[in-house]
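Architecture and fold: a report
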Amino acid sequence: MSSYMLSIVIPIFNGADYVEDLYREFSELRPRGLQIIFVDDCSTDDTVPKLERLLDPLAGDVLLRMHSNAGAGHCRNRGWEKATGKYTLFFDVDDRMHAAAIGAVLDKLELNMHADVAICAYTYERDIPELGSVMNKEDITIFDK
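Read on for a plain summary of the structure. (Residues numbered from 1 in each chain as written. Predicted model: local features only at pLDDT ≥ 70, side-chain atom pairs only at ≥ 80, totals over all residues. Heavy atoms only, no water.)

For the rest of this paragraph, the subject is the packing of aromatic side chains. Under the definition given, this model contains two aromatic pairs. Pairing Phe26 with Phe91 gives two aromatic rings, centres 5.0 Å apart and planes at 85°, and the pair type is edge-to-face. Taken as a pair, Phe26 in helix H1 (residues 16-27) and Phe91 in the loop between strand E4 (87-90) and helix H4 (99-111) lie far apart in primary sequence, 65 residues in all. Here Phe26 and Phe91 have matching classes, each one buried. Ring plane angle 35° and centroid distance 5.9 Å describe the contact between Trp80 and Phe90, whose orientation is recorded as tilted. Separated by ten residues along the polypeptide, Trp80 in helix H3 (residues 72-82) and Phe90 in strand E4 bring together distant segments of the chain. In this structure Phe90 comes out as partly exposed when scored by relative accessible area, which is 37%. (Phe/Tyr/Trp six-rings, centres within 6.5 Å; stacked < 30°, edge-to-face > 60°. Helix = DSSP H or I, 4+ residues; strand = E, 2+ residues; numbered from the N terminus. Buried < 20%, exposed > 50% of the residue type's maximum accessible area, 1.4 Å probe, protein only.)

This is how it looks when you write it as structure tokens:
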């Protein structure tokens, strides 16, 4: 059995502007047992060198590198293969993480021995406000059920 409570799989393509802040934010969850898996989809910017400086393999951090650009879905599948946590979170590199919210979800999952999945509401913070901030219609339907 893994010592990790949570594996986080993050597909990444040219995300050098985001990796340091995201890594620092997720590190707040280290005491809970965290494995961070970045899957690089052939970035052409400074993403990989930044990750190589940041990641701590002894703490469970993993950097997988794709041989050809295959898209976020394929990267998530590759990361899933390496995830060893009790729970797995798929996260995008340009999203904002809220450690307290993720911690609360983990607490709820641990209290309910029958829970296999958690679906959380979200809002968008967009550069173009007229696009709105509500969840996607399909996600609302699933969440409401």
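So, on to the pattern of salt bridges. Within this structure, the stated rule accounts for seven salt bridges. Of the charged contacts, one joins Asp61 and Arg30 as a salt bridge, the two residues approaching to 2.6 Å between their closest N and O atoms. Linking Asp61 in the loop between helix H2 (47-54) and strand E3 (62-65) with Arg30 in the loop between H1 and strand E2 (34-40), this pair joins segments that are 31 residues apart in sequence. On the accessibility criterion, Arg30 (21% relative accessible area) is partly exposed. The residue Glu110 makes a salt bridge to Lys86 at a minimum N-O spacing of 2.8 Å. In this pair, Glu110 is assigned in helix H4 and Lys86 in the loop between H3 and E4, connecting sequence segments 24 residues apart. A residue is classified by how much of its surface remains accessible, and Lys86, at 49% relative accessible area, is partly exposed. (Salt bridge = Lys/Arg side-chain N within 4 Å of Asp/Glu carboxyl O.)

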